[in-house]
Each structure stands twice: as structure tokens, then as C-alpha cells.
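Close look at the chain arrangement
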Amino acid sequence: MNPPASTPPSGFSGLGIAPVYLEALTRLRITTPTPIQRQAIPVALEGKDVAGIAQTGTGKTIAYGIPMMQRLAASQGLGLVVLPTRELAMQVDEALRRMNSGLRTAVIIGGAGIGAQLDAIRRGPQIVVATPGRLNDHLQQRTIRLDGVHVVVLDEADRMLDMGFAPQIDRIFQNLPKDRQTLLFSATIPDGIMRMASKYMRAPIRVEVAPTGTTAAGVTQELFVLRKEERNRLLDKLLQQYPGTTLIFSRTKHGAKRLVQVIRNMGHTAAELHANRSMSQRRDALEGFKAGKYRVLVATDIASRGIDVTGIGLVLNYDLPDNPEDYVHRIGRTARAGAGGHAISFVAPEQRGDVRHIERLIRKSLLVSPLPELPPERRPPPYVAPYVDPRARAFPRQGFGPRPGGRPGGRPSAPGAPRTFGAPNASSAGPRRPFSGPPPRRRW
């Protein structure tokens, strides 16, 4: 009698993952692999170079994190992850340590104190998570060596090229050993990515689970065509219509700062995330948005890649991006991990050509919604300048205001004595005379 046919493995159990990491995934309640994880993990565990192409929000950190940690445990080497932004670096570091609680990591990013980074390097990390600019600073100062790297990962490689990091990446690879495994992950495959793969990788296995421009299945999209002066009133109405957490994208840093003030005047809690903010301010904005401290996060495109915040109900493009591919990454912040979400874009009448470029990229037409009845514009109260005595403006040195060490006029006064204009003491000078001109100039 023939034995019954075995059922195919389900979940992560048939991908060659070690039991310790299977338990970690179960503890994190991650039970079903995404397409990029199912295809990339077995190939990466074999030690082959991998070029993974998948849209944002598909779990690429697990796709390269588990193979890297599992191979480093067997070879006792060093792992290196290079990413474009500080926020993404901190997020990847947190995700890796959740999967391996005893993992020693060093996060090397700009905007953070270099002393703490040097301490982390001296402790002998197993994985270094870095942005290209700060990693090159350490290489120039010879505070870190990369000759022991066994696995190197380029995450969001297309974004690093867009940000002009190609020269820094070249210098990093000049310091890496030739006998290494290289894993490259990107959301798109422009010509620069293909040149990078052929230059740094050895016969890479290409894993592409979705063509360029594929949007998340659960996101719905619509456009509003309106003039610039109508945007704030429509934004006010939409924030009342969609009560959940909202991520708003602005094209410029200064525009994001102004928009945060407008949203706060509407009565909503809001934070800003852009390159002009310090590292602590950016961390507070992102963590506060995740924890519900801020309902609205206004950001530039530094938040369009890899920032994993669950439960974002609405993504709003206050300004259309300059690059059509950034539109896909922006709206990918919602409808993550199979959930639903909504994306709205404000479009000026002269931007119809930009909309057509986006539609060609995502291979679908975008719904143009009619403008609803807009509420009246909320104008801030008029600015009233504080009163300044015109005499103090005309004669700033003639006793208007206290001077260090004494009364106006330069002569010391007894403690507690009243200070009056033009008189040594109110009791001895008698009633004050009306001002008839500037007081006589004194020698100082």
C-alpha cells in the first residue's frame, strides 16, 4: 500500500530557515511569507547573490535579514546593511534585533553623536547598519574596517542612486573583500540599478515579484483638481471626513513646516519630518506618530521609503512628487501587509501632464473626484505689534530701561529704590516734568 502523499510545506517552514528564527517569526506573529520572502530567502541561504525587485511594504527586511543572520552565525563574519535614510536605518536595526534578541549591532548614521557610534564599533558588532555618507566618514578616519564583511546588503538601492550616493557606494565597495555575498533590494529597476548589479555582484539571481509601478492591492486612489489657494480648505474638510491617522507629503521642507502650522490651527495634532529637523526631533515625530501622539505627520520624500507605520488610513499628496515613481512609494505607506487604505492627491490644473506620467507608470487611470463644498477659509488673527515707547527708539542711551549695575543714567541706586526716568529718586526730584525734548547728554 502506497504511503499517502505528503502535503506541501506551508508558511516559512519549507524555506530552510533555522528553528530559532522560525520561533522568532512565530513570536512576532508573522506566519505567512510574502512573495519576495518566499522567493529570495532560499536563494540567499545558499550564499548566492540576489537582486530582489518588489514594491514597498512587502517585507524585504525579513527577506534579507534572516539569511544574513543565519549565514553569519555559521561563518562568524560581519554583516553590512547600507540604506539611504536615518529613519530607515533605525527601523531596520530594530527589526533585526526583534528577530534576534542577542544580536550586537552598530547604527552609523548622520545627525547622531559619533561617540556612541565609536563605542558600538569597539564592542565588536555582528551587523553594521549605516547610511553611505557617515560610513564613508568612518572609513576616512579609519575608525572602522570592512575587510571582515561576509554579507553586504544594499536596501532601497534605487533611492540611494536618486539621492546621489553612487560615489559613496563606490568607495564603500572598494573597502569590501571580493569574497562576499551581495544582496541588492530595490523597488524599481532603472538602468543605474542594472549597472550596479553587474559591477558589484557575481551572477546574481534576479527575483522580481511585481513589475515597476505596481501599487498595493488594497489602496484606493483619487485626485482633486484645484487651485493652490483652495488646498487648505479642502484639507480641512478631508481631515474631518477621514478621522484616522494621516500622512501628508509636501514637496519642500519649508512647505512642510508651514503646513504643520496650518493643520495645528485647524485643531489637529501634527508633527513634521524632513531634513531640516534634528535627529531627536525626527525621532520624536516618527515615534509620536506611531504611538498616536500626533494624528497627522507632514513629511517630505524621506518618509516615502521603508517607513513602516501600521494603520495609516490616509496618505495625502499635498504636492505631487517630481518623480512619478515616488508617487508609488508614497501611497505604499498605506494598505500595508494586505490591509486597506486610501490615497488622495491635490493636482493643479497645469499638472495634468504629470498625472499622465503617473498613470502610464501604474498602468491604470486615476479617478478625478468633483470638489465638495468647501468650508470658509480659516484665517489667523491679525498680528498686533507690541507697543514700544517712541522715546526709547529715538534715544536709546538716555536712561530708557535698566542698565546692568544700576538705574538708567549709569549711577548706582540703593536696593529697592524706585527707578524713574531722568531723576535720581522720585522722592527727592519732586513731580516729573512733561517731556519737552531729549535730556542732556552725559559723559560715560
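See the structure printed just above.
This report concerns the structure included in the present document. Fair warning: this is a prediction, and the values are worked out from it, not measured in the lab.

1. Considering the overall build of the protein chain
- Assigned secondary structure in the protein chain consists of 16 helices and 14 strands.
- Buried positions account for 48% of the 444 residues belonging to the protein chain.
- Long-range contacts, defined as pairs at least 24 residues apart, comprise 73% of the intrachain contacts of the protein chain with a sequence gap of at least 6.
- Carbon together with sulfur atoms contributes 53% to the accessible area of the protein chain, which is approximately 22900 Å² in total.

2. Quick look at unusual backbone geometry
- In the Ramachandran plot, Gln 76 falls in the positive-phi region, its phi being about 55° despite a non-glycine side chain.
- Tracing the backbone through its elements, the reader meets Gln 76 in the loop between α3 (60-75) and β2 (78-82).
- Phi angles above zero are rare outside glycine, and Ala 203 is one such case at about 45°.
- Along the chain, the position of Ala 203 falls in the loop between α9 (191-200) and β7 (205-208).

3. A few points about the sheet that holds strand β1 (residues 50-53)
- A sheet is described by the order of its strands in space; here seven strands give the open sequence β3-β4-β2-β5-β6-β1-β7, paired in parallel fashion. Edge strands, defined here as strands with exactly one partner in the open sheet, are β3 (105-108) and β7. Adjacent strand axes in the sheet meet at a mean angle of 15° when their direction is disregarded.
- Alignment of β1 against strand β6 (residues 181-186), held across four bridges, turns out to be parallel. Each residue of the ladder has a partner; that of Ile 53, found in β6, is Ser 186.
- Packed on one face of the sheet, α3 meets β2, β4 (127-130), β5 (149-155) and β6 and runs near 175° to β5.

4. Points about the nonpolar core
- Ranked by internal contacts, the top residues of the largest apolar core, which has 38 residues, are Val 81, Leu 96 and Ile 127.
- Broken down by secondary-structure element, the contributors of at least two residues to this core are α1 (19-27), α2 (35-45), α3, α4 (86-99), β4, β5 and β6.
- A total of seven residues in this core trace back to one element, the largest contributor, which is α3.
- Leu 139, Val 152, Phe 173 and Met 201 belong to the second largest nonpolar core, which has 30 residues in total.

5. Let's talk about helix α8 (residues 166-174)
- Restricting attention to buried positions, one finds in α8 the residues Gln 168, Ile 169, Ile 172 and Phe 173. The buried residues of α8 occupy an angular sector of 135° when the element is viewed end-on, so they sit on one face.
- Packing partners of the buried residues in α8 comprise β2, α6 (132-141), β5, α7 (157-162), β6 and α9.

6. What to know about the pairing of β2
- Within β2, five of the five residues are buried, leaving the element largely enclosed by the surrounding structure.
- Side chains Leu 78, Leu 80 and Val 82 project from β2 onto one buried face, and the interleaved Gly 79 and Val 81 project onto a second face that is buried too.
- One ladder, built from five bridges, connects β2 with β5; its direction is parallel. In the strand pairing of β5, Val 81 is matched with Val 153.
- Bridging between β2 and β4 involves four bridges; their strand directions are parallel. Within β4, the residue paired with Gly 79 across the bridge is Ile 127.

7. Focus: helix α5 (residues 114-122)
- For α5, the full list of buried residues reads Gln 117, Ala 120 and Ile 121. Buried residues in α5, looked at end-on, bunch into an arc of 100°, giving them a common side. For α5, exposure combined with an orientation more than 90 degrees from the buried face picks out Ala 116 and Arg 122.
- Structurally, α5 contributes buried residues whose contacts are with β3 and α6.

8. A short note on the sheet that holds strand β11 (residues 296-299)
- If you walk across this open sheet you meet the seven strands as β10-β11-β9-β12-β13-β8-β14, and the pairing is parallel. Edge strands, defined here as strands with exactly one partner in the open sheet, are β10 (270-273) and β14 (367-368).
- Across seven bridges, strand β8 (residues 219-225) lies against strand β13 (residues 341-347) in parallel orientation. Looking at the pairing, Leu 223 lines up with Ser 345 of β13.

9. What about the pattern of salt bridges?
- Following the criterion strictly, the structure yields 17 salt bridges and no others.
- The partner of Asp 170 in a salt bridge is Lys 199, with the nearest N and O atoms 3.1 Å apart. Placement of the pair is Asp 170 in helix α8 and Lys 199 in helix α9, with a sequence separation of 29 residues.
- On the basis of relative accessible area, Asp 170 is assigned to the partly exposed category, the value being 25%.
- What makes Lys 199 exposed here is its relative accessible area of 55%.

What counts and how
Sequence order as written defines the numbering, with residues in each chain counted from 1. Thresholds applied to this predicted model are a pLDDT of at least 70 for local features of residues and 80 or more for the giving and counting of side-chain atom pairs; totals over whole chains, interfaces and linings are not thresholded and use all residues. With hydrogens and water stripped out, all remaining heavy atoms of the structure feed into the side-chain values. Helix numbering and strand numbering both begin at the N terminus, where a helix is a DSSP run of H or I of at least 4 residues and a strand a DSSP run of E of at least 2. Per-residue accessibility, obtained with a 1.4 Å probe over protein chains only, is compared with the maximum for each type, and a residue is labelled buried under 20%, exposed over 50%, and partly exposed between these values. The contact rule is simple, with two residues in contact once any of their heavy atoms fall within 4.5 Å. Accessibility throughout is a Shrake-Rupley quantity obtained with a 1.4 Å probe, and a residue counts as covered only by protein chains that appear here. One requirement defines pairing of two strands: DSSP has to find at least two bridges between them. To get an axis, fit a line to the C-alpha atoms, keeping to the stretch in contact for a helix; angles then go from 0 to 180 degrees between the N-to-C directions. Nonpolar core, defined: a set of buried Ala, Val, Leu, Ile, Met, Phe, Trp, Tyr and Cys residues in which side-chain atoms within 4.5 Å join the residues together. Throughout, the arc means that of the directions going from the helix axis to the C-beta atoms. By definition, a salt bridge exists where a carboxyl oxygen of Asp or Glu is found within 4 Å of a side-chain nitrogen of Lys or Arg.

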